[in-house]
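# Structural characterization, general
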Amino acid sequence: MLEASPGESTLYYVLAGAVLADLARGGHVRSGTGRMGTVTVEAVADNPPSDHLLRASWEYVAHRPRGVQTVLAAMGPTLREPLLDRLVGRGELRRSTRKALGLFNAQVLEGGDSGRRDSLLTDVRAVLVDGAEPTARVAALAALIYGSGTLPQFDRDIPWTSPVIARAEEFKNGNWGAGAAAEAVARTVTATIVNNVIIAAAVLPRG
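One structure accompanies this document, and this report is about it.

Our focus in this paragraph is the nonpolar core. Within the largest apolar cluster, 43 residues are counted, with the highest numbers of intra-cluster contacts made by Leu72, Leu128, Leu151 and Phe171. The contact partners of Leu151, leaving out residues within four places of it in the chain, are Leu128, Ile145, Tyr146, Ile158, Trp160, Val164 and Ala168.

Below is the structure:
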């Protein structure tokens, strides 16, 4: 198993956020209001997802609505390994072994040759830099990348400029434009998820 790096607690929240966003886009979950006005996520009973990774998260909220923070914290750590296995199986990542400190074998991840990463970054760049109308999936992806605090890491592909930040803020707040207007529920849920990811990242200890 690959060991988690010190900052991967944030990654767990982002992975869970991405899964919840996909569930929202597919109409598999909806948001509600719990006690004290907290936002909850609940399953749409007659619309379970077919994908087994999405299904596990859907089943977690199938019995009763749960707070978004609760779902992110519970589901995030269970997603890393199966998602990595899927990406490796698709050729989007490669696992290899290297010597650590000249003594120990350590597994590392490297980019695969599927071109998927470049394709996704091209789509995100188009909406953040060029002002293209996003699909709901790309809008959610842009919102999560920005909300997780990792967008500056892609500066070579997506310049970290004031216009880009302003555009990303719009997506974070659920303003996805006319092209994604039909995704009202997904927009609302994703905006809630992203803001909860931001809150979670802000309170986590820095490694």
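A few words on the pattern of salt bridges. Scanning all chains against the criterion turns up ten salt bridges. With a closest N to O distance of 3.4 Å, Glu59 and Arg55 form a salt bridge. Here Glu59 pairs with Arg55, and both are found in helix H2 (residues 52-60), just four residues apart, close to one helical turn. Exposure remark for Arg55: the relative accessible area of 32% places this residue in the partly exposed category. Salt bridges here are not isolated pairs; linked through shared partners, they connect Arg80, Glu81, Asp85 and Arg95.

One open sheet accounts for three strands, arranged S1-S2-S3; its pairing is antiparallel. Since the sheet does not close on itself, it has two edges, and those belong to strand S1 (29-33) and strand S3 (66-67), each with one partner.

A few words now on the pairing of strand S2 (residues 39-43). As paired strands, S1 and S2 are joined by five bridges and run antiparallel to one another. Each residue of the ladder has a partner; that of Gly32, found in S2, is Thr40. Counting the residues between successive antiparallel strands, the hairpin from S1 to S2 contains five residues, one of them, Met36, with a positive phi of roughly 65°. Direction of pairing for S2 relative to S3: antiparallel, over a ladder of two bridges. Residue pairing in the sheet places Val41 in a bridge with Arg66 of S3.

Interaxial distance between helix H4 (residues 116-128) and helix H5 (residues 136-147) falls to 10 Å at its minimum, and their mutual angle equals 90°. In terms of orientation, H4 and H5 fall into the roughly perpendicular class. Touching Arg116, Leu120, Asp123, Val124, Val127 and Leu128 of H4 are Arg137, Val138, Leu141, Ala142 and Ile145, all from H5. Residue classes in the contact of H4 with H5 are distributed as eight nonpolar, no polar and three charged.

Applying the stated criterion across every chain, the model contains one aromatic pair. Judged by centre distance (6.4 Å) and plane angle (35°), the ring pair of Tyr146 and Trp160 falls under tilted. One end of the pair, Tyr146, is in helix H5; the other, Trp160, is in the loop between H5 and helix H6 (162-172), and 14 residues separate them in sequence. Residue Trp160 is classed as partly exposed on the basis of its relative accessible area, which comes to 37%. One Lys or Arg, Arg66, reaches over the ring of Tyr60 and ends 4.1 Å from the middle of that ring.

Calculation criteria
- Residues numbered from 1 in each chain as written.
- Predicted model: local features only at pLDDT ≥ 70, side-chain atom pairs only at ≥ 80, totals over all residues.
- Heavy atoms only, no water.
- Core = buried A, V, L, I, M, F, W, Y, C linked by side-chain atoms within 4.5 Å.
- Buried < 20%, exposed > 50% of the residue type's maximum accessible area, 1.4 Å probe, protein only.
- Contact = heavy atoms within 4.5 Å.
- Salt bridge = Lys/Arg side-chain N within 4 Å of Asp/Glu carboxyl O.
- Helix = DSSP H or I, 4+ residues; strand = E, 2+ residues; numbered from the N terminus.
- Pairing = 2+ DSSP bridges.
- Axes fitted to C-alpha atoms, helices over the stretch in contact; angles between N-to-C directions.
- Parallel < 35°, antiparallel > 145°, perpendicular 65-115°, else oblique.
- Nonpolar A, V, L, I, M, F, W, Y, C, P; charged D, E, K, R; others polar.
- Phe/Tyr/Trp six-rings, centres within 6.5 Å; stacked < 30°, edge-to-face > 60°.
- Lys NZ or Arg CZ within 6 Å of the ring centre and 35° of its normal.

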